[in-house]
Amino acid sequence: MNNETIGTAAGLVWNALAEGELGTKQIKKATKLKDKELYAAFGWLAREGKVTFAESEDGKELIVSLV
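Residues numbered from 1 in each chain as written. Predicted model: local features only at pLDDT ≥ 70, side-chain atom pairs only at ≥ 80, totals over all residues. Heavy atoms only, no water.

1. Side note on the sheet that holds strand β3 (residues 62-66)
Part 1 of the argument: The sheet built from three strands is open, its strands ordered β1-β3-β2 with antiparallel pairing. This sheet does not close on itself; its edge strands, each paired only once, are β1 (22-23) and β2 (51-55).
Part 2 of the argument: Where β2 meets β3, five bridges bridge the pair, whose relative direction is antiparallel. Following the sheet pairing, V51 is matched in β3 by L66.
Part 3 of the argument: Contacts between helix α3 (residues 35-47) and the sheet are confined to β2 and β3, with β2 contributing the most and set at about 120° to the helix. (Pairing = 2+ DSSP bridges. Helix = DSSP H or I, 4+ residues; strand = E, 2+ residues; numbered from the N terminus. Contact = heavy atoms within 4.5 Å. Axes fitted to C-alpha atoms, helices over the stretch in contact; angles between N-to-C directions.)

2. Things to note about the side chain of T24
Part 1 of the argument: With respect to the secondary-structure elements, T24 resides in helix α2 (residues 24-31).
Part 2 of the argument: By relative accessible area, T24 is classed as buried at 11%.
Part 3 of the argument: With near-sequence residues (within four places) excluded, T24 lies in contact with L38, Y39, F42, E61 and L62. (Buried < 20%, exposed > 50% of the residue type's maximum accessible area, 1.4 Å probe, protein only.)

3. Observations regarding helix α1 (residues 3-17)
Part 1 of the argument: Between its first and last C-alpha, α1 extends 21 Å over 15 residues, near the 21 Å set by a 1.5 Å rise per residue.
Part 2 of the argument: Of all the positions in α1, only I6, A9, A10, V13, A16 and L17 are classed as buried. Across the axial projection of α1, the buried residues extend over an arc of 120°, all falling on one side. Of the exposed residues in α1, the ones pointing more than 90 degrees away from its buried face are E4 and N15.
Part 3 of the argument: In this fold, the buried residues of α1 make contact with β1, α2, α3, β2 and β3. (Expected span 1.5 Å × (residues − 1). Arc of directions from axis to C-beta.)

Structure, rendered in structure tokens:
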């Protein structure tokens with residue numbers, strides 16, 4: 001995995017989140033990314049200050065939304 005791959009994955013995640021906050025399972029389904037790619041994309045977007053994270057009510061899933 002390189003910066004270009006991670007940047008592309010971050011773009012897919014960004015587009016999925018344009019509809020509103022989503023859980024990790026929903027994002028993974030919408031983007032068809034592997035776990036490693038998904039979490040690298042989260043890191044990329046978080047580093048740029050473009051996403052926020054929260055836990056679901058049951059604490060079993062990460063909820064992600066655009067800033």
